[in-house]
Protein chains: 2
Amino acid sequence: MSDRYASFANSGPGRMLVKRLGLPNPPVLRRFRPGDPLVTGPVLVGAAPGGRLEGPVRKMLTVAEVPMDGGPPWSALVFDASGVQDAAALHPLYEFFHGNAKALARNGRVIVLGTPPAACASPREATAQRALEGLTRSIGKEFGRGSTAQLIYVAPGAEEFTDSAMRFLLSSRSAYVSGQVIRIGPVTSSPLTDWEHPLEGKVALVTGAAQGIGAAIARVLARDGARVVALDVPAAGEALARVANEIGGTALQLDLTRPDAPSTLAAQLLSRHGKVDVVVHNAGITRDKTIAKMSAEQWDAVVDVNLSSQERINDALIPLLPEGGRIIAVSSTSGIAGNRGQTNYATSKAGVIGLVQSMAPILASQGVTINAVAPGFIETRMTARMPLATREVGRRMNSLSQGGLPVDVAETIAWLAAPGSSGITGNVIRVCGQMWLGA
Amino acid sequence: MSDRYASFANSGPGRMLVKRLGLPNPPVLRRFRPGDPLVTGPVLVGAAPGGRLEGPVRKMLTVAEVPMDGGPPWSALVFDASGVQDAAALHPLYEFFHGNAKALARNGRVIVLGTPPAACASPREATAQRALEGLTRSIGKEFGRGSTAQLIYVAPGAEEFTDSAMRFLLSSRSAYVSGQVIRIGPVTSSPLTDWEHPLEGKVALVTGAAQGIGAAIARVLARDGARVVALDVPAAGEALARVANEIGGTALQLDLTRPDAPSTLAAQLLSRHGKVDVVVHNAGITRDKTIAKMSAEQWDAVVDVNLSSQERINDALIPLLPEGGRIIAVSSTSGIAGNRGQTNYATSKAGVIGLVQSMAPILASQGVTINAVAPGFIETRMTARMPLATREVGRRMNSLSQGGLPVDVAETIAWLAAPGSSGITGNVIRVCGQMWLGA
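Please read these numbers as outputs of a predicted model, since none were measured by experiment.

**With respect to the overall build of chain A**
Broken down by element type, chain A carries 15 helices and 12 strands. Against the compact-globule benchmark of 22 Å for 439 residues, chain A has a radius of gyration of 21 Å, which places it among compact chains. Counting only C-alpha atoms, chain A reaches 60 × 55 × 45 Å along its principal axes. Taking all 439 residues of chain A together, 62% fall into the buried category. By sequence separation, contacts in chain A at least 24 residues apart represent 77% of the contacts at least 6 residues apart. Carbon and sulfur atoms make up 54% of the accessible area of chain A, which totals about 15,700 Å². Computing the positive centroid from 42 side-chain charges and the negative centroid from 35, chain A places the two 8 Å apart.

Okay, structure coming up:
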């Protein structure tokens, strides 16, 4: 898919369209392959005075055998801003990024770490920490050449639990994640992680797994060691079986909108696998129409499949989830920004965000996390059916000037599913190349 | 300014540019003039069963002598969704907007009212209420013809305090506000309001008042009855005096970055006016450069003027603010979304959001509210200097397909400053025509 896109962008009509629309040419993104090192070169670590995260970050990089000198070019610029107590003290961030912007390698990574504003001791500190969002989002739009930029807010007490997020964001697994604010909450413990096969021994359910993003999720979770239960509607049975066979998983044909689907699903998981550790709600449909022309069936079907069925399945599966269990729901940038012709879809995907945010504190007492990923423009059969100009504009309206691949969504979900991600809950992570659209 | 823009858009080069970029032609927005009725036609009110807001809304409309039947065409579609307990119960919203979308007049208003997800009794309810955001933002992008769409979350206990927000959003004062989520918090009391001159008897400070948005703010606050203290740097003294004279206000020349500025300002306000009720932090500068090329002075100046000086002035003026006092800070969509070449500006404007959010709970105990407005593309001297194509794209990338006017920002600030807005604090209201850019 990636190659097909690159060849289009360099074809006659592709080049012409890009030029007429005044859009930039996309950089080639490096994506993770098993065996790849965490980073491709040394990482530069900076800090404002008085921070509490530089130490843990350096320790993590040392354990991961990442060189922290020898550059430039740097594969990543990492800055601990947790010591910044007021706006004037943001100056060291200027110095760091001013001095090193040009020394960041292609496909480089920018990571700023700070304190969640709500956890700050004074309004001055909260203000300065909140200001970091403006800086990192601007850097994401400015540095180019396939680089990404993120802000990680680490709650007091969670200093030792940043490894999972740092490894994901430094690596090429996060190729299409940029401009995000990630919150790591207070964690009491986090199990030792096998970073090669973090999901070893886990049973993972993936809905809508027969094709596209769902199939990619199933593949990546299996690569990371999970026993995958790939679920889709009976009509997609053949494609589903191919995916399940390919990854040594199990195919499960089930229409999730049936009233008995949740209990059937719970019974199947228990009888065939004895448990379920990871639930990925990926199944979703679109029925695009302006609301004036939309039928009641189109409204109801989208809300029921994309949102209500997730709630019913959670009711049945949450009691089965062990400590360390994971729920990951697929939302959408349309759910964040709204979209013309998608009142039903945007409503359902905004609801998914509400589901995640309202369930997170409840599930925390059970040691279970729940998060959402919100894909932007991802190259799938669905987007391939869009009219050429609409598709091309949608593809380019992000900091990486290209659409993402299903694997990019899958890698993000695998990161959130990993045991090391126990401090991350109630987050909504966009996988959108820092798409311009938002709210 | 509006006319100049309209004539450009209909000139030869303007038409050609619009056509080449495939951008739509902008509708003509109706803007408020003193004496205008609240709405230009009847309002249709709908509700999901079991809501708590339809009654107060109908009462407010009755008091304001707004007809609620006789249409279509409707000047506004208002829906109380506070009774929605789960996603399936969103269906009445589909029925309402499906059935009436085509019956909304030009420059029509869509207002959906609900319960803040965090205040909901169950995750199912919180999920459905959060879903309303996807619906209203999509409607904002879909209905067109100069219409706007907003979601108002009304906390339990604040049912009787929606009048100020409803009046603003129904009227043509909110011509360029769309796609916003407004939160009205629990209020113990709200003074009776003179809706013609809500700021009668109030002293309002406006910084950066010599021109552009600041001058518009000074004019609108004066129109609404305030005695305005118009502040700007000494170098802008002549223009400042013109604005102050025009509105019967006071000009105050002061460089806000001077160390003694806060105490001088406090002393001046007390000695010449005996008090200050409303503080509008509008003064701001840009020094655009990529961070690699930005000087330390450019970083520091923008952060100091746009953010730190607001903090220092607040320190000096908050002790003077009476119960019912108001602070309104000007942020920017760049502070929300980040912007290439604006790391300093976006940092400062994101910080303003942090300031507002961290100070709101502290000031609440004093009966003072603090909010931010975040302008998108506003037609000013600053935007007039942009290159033609950049400017034209920036102008059109919003649901109203045009830039806003300084008065649009000013009207929003006047609404937040009004005594009736006592339930609105810690909000960030974009004045951006639902600009596509976001986070």
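**Observations regarding the sheet that holds strand β3 (residues 104-114) of chain A**
Residue and element names in this part refer to chain A. The sheet built from 5 strands is open, its strands ordered β1-β2-β3-β4-β5 with parallel pairing. A single partner strand is all that each edge strand has here, and the edge strands are β1 (43-47) and β5 (180-184). When strand polarity is set aside, the average angle formed by the axes of neighbouring strands in this sheet is 20 degrees. Sheet topology note: the strand β4 (residues 148-154)/β5 ladder contains 5 bridges and is parallel.

**Some points on the pairing of strand β4 (residues 148-154) of chain B**
In regular strands, side chains alternate between the two faces of the sheet. Residue and element names in this part refer to chain B. Summarising burial for β4: 7 of the 7 residues are buried, a large majority. Bridging between strand β3 (residues 104-114) and β4 involves 6 bridges; their strand directions are parallel. When the bridges of β4 are listed, leucine 113 appears paired with isoleucine 152. In this view, the connection linking β3 to its parallel neighbour β4 by way of helix α5 (residues 123-142) has right-handed handedness.

**Concerning a positive patch on the surface**
Taken together, A:Lys102, A:Arg106, A:Arg145, B:Lys289, B:Lys293 and B:Arg340 make up a surface patch of like positive charges. Tracing the backbone through its elements, the reader meets B:Lys289 in the loop between β9 (278-281) and α10 (296-317).

**Topic: the UniProt feature "domain: Ketoreductase" (unreviewed entry) in chain A**
In the UniProt entry, the feature "domain: Ketoreductase" (unreviewed entry) is given for residues 202-376 of chain A. Helix makes up 48% of residues 202-376 of chain A and strand 18%. Its end C-alpha atoms lie 28 Å apart.

**Brief notes about the nonpolar core**
Within soluble globular proteins, side chains that are nonpolar tend to cluster in buried spots. The biggest cluster of nonpolar side chains holds 65 residues, and the ones touching the most others in it are A:Val78, A:Leu113, A:Ile152, A:Met166, A:Leu170 and A:Leu221. With 8 residues, helix α7 (residues 212-223) of chain A is the single largest residue contributor to this core.

**So, the side chain of A:Thr383**
Mapped onto the fold, A:Thr383 is located in helix α13 (residues 381-384). By relative accessible area, A:Thr383 is classed as buried at 8%.

**Points about the relation of the copies chain B and chain A**
In screw terms, the move from chain B to chain A is a rotation of 180 degrees and a rise of 0.0 Å along the axis, fitting with an RMSD of 0.0 Å. Viewed as a symmetry operation, the transformation between the two copies matches a two-fold axis. For chain B, the smallest separation between a C-alpha atom and the rotation axis is recorded for B:Gly438, amounting to 1.8 Å. The share of interface residues of chain B whose copies in chain A are also at the interface is 100%, consistent with both copies meeting through the same surface.

**Quick word on the sheet that holds strand β5 (residues 180-184) of chain B**
Residue and element names in this part refer to chain B. Read across the open sheet, the 5 strands follow the order β1-β2-β3-β4-β5; overall the sheet is parallel. Sheet topology places β1 (43-47) and β5 at the edges, where each strand pairs with a single neighbour. With direction set aside, neighbouring strand axes in the sheet form an average angle of 20 degrees. Here strand β2 (residues 74-80) runs beside β3; their pairing, made up of 6 bridges, is parallel. Opposite aspartate 80, over in β3, you have leucine 113 as the bridge partner.

**A closer look at the packing of aromatic side chains**
All names here are of chain A. Scanning all chains against the criterion turns up 10 aromatic pairs over all chains. Each ring, one from phenylalanine 79 and one from phenylalanine 97, has its centre 6.3 Å from the other, and the planes form 45 degrees; the classification is tilted. Here phenylalanine 79 is found in strand β2 (residues 74-80), whereas its partner phenylalanine 97 is found in helix α4 (residues 91-100), with 18 residues between them in sequence. The class of phenylalanine 79 is buried, set by a relative accessible area of 2%. Its relative accessible area of 0% is what places phenylalanine 97 among the buried residues. Measuring from ring centre to ring centre gives 5.0 Å for phenylalanine 96 and phenylalanine 97, while their planes differ by 85 degrees; the resulting arrangement is edge-to-face.

**Examining the interface of chain B and chain A**
Opposite the 68 residues of chain B that make contact, chain A presents 68 residues. In total, about 5,500 Å² of surface goes out of reach between chain B and chain A, with carbon and sulfur atoms giving 60% of it. Interface area lost by chain B to chain A is led by B:Tyr94, B:Glu142 and B:Ile291, which between them contribute 12%. Counting across the interface, chain B meets chain A through 4 salt bridges. With its nearest N and O atoms 3.8 Å apart, the salt bridge here joins A:Glu311 to B:Arg124.

**A few points about the pattern of salt bridges**
All names here are of chain B. Under the criterion given, the structure shown has 38 salt bridges over all chains. The residue glutamate 54 makes a salt bridge to arginine 58 at a minimum N-O spacing of 2.9 Å. Here arginine 58 and glutamate 54 lie together in helix α3 (residues 54-63), a separation of 4 residues that amounts to about one turn.

**What about unusual backbone geometry?**
All names here are of chain A. With an omega dihedral of 0 degrees, the bond running from proline 72 to proline 73 counts as a cis peptide bond. Note on placement: proline 73 falls in the loop between α3 (54-63) and β2. In this structure, glutamate 65 takes a positive phi of about 60 degrees despite not being glycine. Turning to its location among the elements, glutamate 65 is positioned in the loop between α3 and β2. Since its relative accessible area comes to 71%, glutamate 65 is described here as exposed.

**Digging into the environment of B:Ala64**
Residues and elements named next belong to chain B. Topologically, alanine 64 is positioned in the loop between α3 and β2. Along the chain, alanine 64 and glycine 341 lie 277 residues apart, while their C-alpha atoms are 47 Å from each other. With sequence-adjacent residues up to four places away left out, alanine 64 is seen in contact with Leu38 and Arg167.

Calculation rules
- For every chain, the first residue of its written sequence is number 1, and the numbers climb from 1 along that sequence.
- As they are written, the chains are lettered A onward and the ligands numbered 1 onward, keeping that order.
- Thresholds applied to this predicted model are a pLDDT of at least 70 for local features of residues and 80 or more for the giving and counting of side-chain atom pairs; totals over whole chains, interfaces and linings are not thresholded and use all residues.
- Only hydrogens and water are set aside; all other atoms, that is, all heavy atoms of the structure, feed into the side-chain values.
- Numbering of helices and strands runs from the N terminus, with a helix taken as a DSSP run of H or I at least four residues long and a strand as a DSSP run of E at least two residues long.
- Each radius of gyration reported is based on C-alpha atoms, and the globular scaling rule is 2.2 Å times the count of residues to the power 0.38.
- A simple rule labels every residue: compare its accessible area, found with a 1.4 Å probe on the protein chains alone, to the largest value its type can have, and call it buried under 20%, exposed over 50%, or partly exposed in between.
- What makes two residues a contact is simply this: any of their non-hydrogen atoms within 4.5 Å.
- Only the protein chains shown count as covering a residue, and every accessible area follows the Shrake-Rupley method with a 1.4 Å probe.
- Under this rule, positive means Lys or Arg and negative means Asp or Glu; His and the chain ends count for nothing.
- For the purpose of locating charges, the reference atoms are NZ of Lys, CZ of Arg, CG of Asp and CD of Glu.
- Whether two strands pair depends on DSSP finding at least two bridges between them.
- For helices, the fitted line uses only the C-alpha atoms of the stretch in contact; every axis is such a line through C-alpha atoms, and the angle between N-to-C directions lies from 0 to 180 degrees.
- Crossover handedness is defined here as right-handed if the route from the first strand over the helix to the second strand goes clockwise, with the strands pointing away from the viewer.
- What makes a patch is a set of residues exposed beyond 30% relative accessible area and free of salt bridges, joined within 9 Å when like-charged and within 5 Å when nonpolar (Val, Leu, Ile, Met, Phe, Trp, Tyr).
- Any carboxyl oxygen of Asp or Glu within 4 Å of a side-chain nitrogen of Lys or Arg constitutes a salt bridge here.
- UniProt positions are given in the numbering used here, feature names are shortened, and annotations may be inferred rather than shown by experiment.
- Think of a nonpolar core as a cluster: buried Ala, Val, Leu, Ile, Met, Phe, Trp, Tyr and Cys residues, connected wherever their side-chain atoms sit within 4.5 Å.
- The atoms used to superpose the copies are C-alpha atoms, taken from residues with pLDDT of at least 70 in both, and the fit is least squares.
- Between the rings of Phe, Tyr and Trp (Trp by its six-membered ring), a pair exists once the centres lie within 6.5 Å; its type follows the angle of the planes, with under 30 degrees stacked, over 60 edge-to-face, and the other angles tilted.
- Values labelled buried area give the accessible surface lost by two parts on being combined, using a 1.4 Å probe and summing over both.

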